[in-house]
Amino acid sequence: MRIDILTLFPEMFEPLKTSVLGRALEKDIFELNLINIRDFSKNKHKKVDDYVFGGGDGMLMTPQPLYDAIMSVKTEGSHVIYLSPKGAVLNQKKVRSIAKSYEHLILVCGHYEGIDERIVQLCIDEQISIGDYVLTGGELPAMVLVDSVLRYVPEVLGNKTSMVDESFTDNLLEHPQYTRPREFMGLRVPDVLINGNHKEIEAWKAGQKILETNKYRPDLLDKG
Ligand code: 4FL
């Protein structure tokens, strides 16, 4: 998978280079290109924003640098996503569908009050939101999308395909999990997990998933 991120703040993406994704990056399991939109500005002061026609607060990203930046990375199979509160809210099903459908993602991060509408019209295939709240820009949403999608790329998790869907298969939350010691601050690991009866353990896990979902996210059960 190839991911190009277009942003005014490429330095915000350093966290993607650590931990699981950092190791995958070193092994060339995916390709990450950080592109500074400002590098494409044809303005003599490298300006990338301007006032909003019709008035209103703040500044808008101008179309020219964005358009040229997108065109510089676009390929035949690329899919251009704009992280925006106007998009459908991301969920695990959508993450899986993106991971399975595209080999090349171009992520456009807006800043200030957003981008000129003509870029949406001309270049954007899809808008995606990560939730109903406003941020200072699309950079954190882009990182959320990248992290969630890359978990579906073979070998990113060290080939443990069973781990990929954990927590959201069947719209259920995970059962509680325990490690050593068997007793901590007077709280014991449930006996069923220690008795070695795998059938019983699996039945316990299945029941706990429903209980946890009912307790923490009853809205997921309503959806069926
Ligand atoms: C994008 C919020 C995607 C939630 C400000 C600029 C945003 C956002 N999901 N807020 N972009």
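Placed above this text is the structure.
Predicted model only: the values in this text are computed from it and were never measured.

Analysis parameters
- Residues numbered from 1 in each chain as written.
- Predicted model: local features only at pLDDT ≥ 70, side-chain atom pairs only at ≥ 80, totals over all residues.
- Heavy atoms only, no water.
- Buried < 20%, exposed > 50% of the residue type's maximum accessible area, 1.4 Å probe, protein only.
- Helix = DSSP H or I, 4+ residues; strand = E, 2+ residues; numbered from the N terminus.
- Arc of directions from axis to C-beta.
- Contact = heavy atoms within 4.5 Å.
- Salt bridge = Lys/Arg side-chain N within 4 Å of Asp/Glu carboxyl O.
- Core = buried A, V, L, I, M, F, W, Y, C linked by side-chain atoms within 4.5 Å.
- Near = heavy atom within 4 Å.
- Polar contact = N/O pair within 3.5 Å; in protein donor to acceptor, adjacent residues only side chain to side chain.
- Areas by Shrake-Rupley, 256 points an atom, 1.4 Å probe, with all protein chains shown as cover.
- Nonpolar A, V, L, I, M, F, W, Y, C, P; charged D, E, K, R; others polar.

> What exactly am I supposed to notice about helix α2 (residues 63–73) here?
In an α-helix, one turn spans 3.6 residues, which is why side chains three or four residues apart end up on the same side. Listed as buried for α2 are Pro-65, Leu-66, Ala-69, Ile-70 and Val-73. Within α2, the buried residues cover an arc of 125° as seen down the axis, which keeps them to one side. Buried positions along α2 lie against β1 (2–7), β2 (31–36), β4 (59–61), β5 (78–89), β6 (104–109) and α4 (117–123).

> Quick question: what am I supposed to make of the pattern of salt bridges here?
Two side chains of opposite charge can pair, provided their charged atoms sit close to one another. All chains considered together, the criterion is met by nine salt bridges. Across the salt bridge formed by Asp-4 and Arg-2, the nearest N and O atoms sit 2.8 Å from each other. The class of Asp-4 is buried, set by a relative accessible area of 0%. Relative accessible area serves as the criterion here: at 23%, Arg-2 is assigned to the partly exposed category.

> Can you help me understand the nonpolar core in this one?
One finds Ile-3, Ile-5, Leu-107 and Leu-145 to be the most contacted residues of the largest nonpolar core, which totals 31 residues. Looking at this core, the elements with two or more residues in it are β1, α1 (19–26), β5, α3 (92–101), β6 and α5 (139–150). Every residue in contact with Leu-145, bar those within four places of it in the chain, is listed here: Ile-81, Leu-83, Leu-90, Ile-98, Leu-107 and Ile-128. Counting 19 residues, the second-largest nonpolar core is a separate cluster that includes Ile-35, Met-61, Tyr-82 and Val-108.

> What should I look at first to understand the site of the ligand in this one?
Residues in close proximity to the ligand include Leu-83, Ser-84, Pro-85, Ile-128, Ser-129, Ile-130, Gly-131, Tyr-133, Leu-135, Gly-137, Gly-138 and Pro-141, which together make up its full environment. In the model, a nitrogen atom of the ligand is placed 3.5 Å from a nitrogen or oxygen of the Ser-129 side chain. One nitrogen or oxygen atom from the main chain of Ile-130 is found 3.0 Å from a nitrogen atom belonging to the ligand. Look at the ligand: alone it shows 290 Å² of surface, and the protein chains cover 91% of it. When contributions to the shell around the ligand are tallied by element, the ones reaching two or more residues are β5 and β7 (126–129). Per-element accounting of the shell around the ligand gives the leading share, three residues, to β5. Grouping the constituent residues of the shell around the ligand by class yields seven nonpolar, five polar and no charged.

> What's the story with α3 in this structure? I'm lost.
Within the sequence span of α3, burial applies to Gln-92, Val-95, Ile-98 and Ala-99. One side of α3 carries all its buried residues, which in axial view fall inside an arc of 125°. Residues of α3 that are exposed and point more than 90 degrees away from the buried face comprise Lys-93 and Lys-100.

> How should I be thinking about unusual backbone geometry in this particular structure?
Among all residues except glycine, the phi angle is most often negative; among peptide bonds, the trans geometry is most common. Note the cis peptide between Arg-180 and Pro-181, where omega equals 5°. Relative to the helices and strands, Pro-181 resides in the loop between α6 (161–164) and β8 (183–184). Look at Ser-19: it is not a glycine, yet its phi comes out positive at around 55°. Looking at the secondary structure, you find Ser-19 in helix α1.

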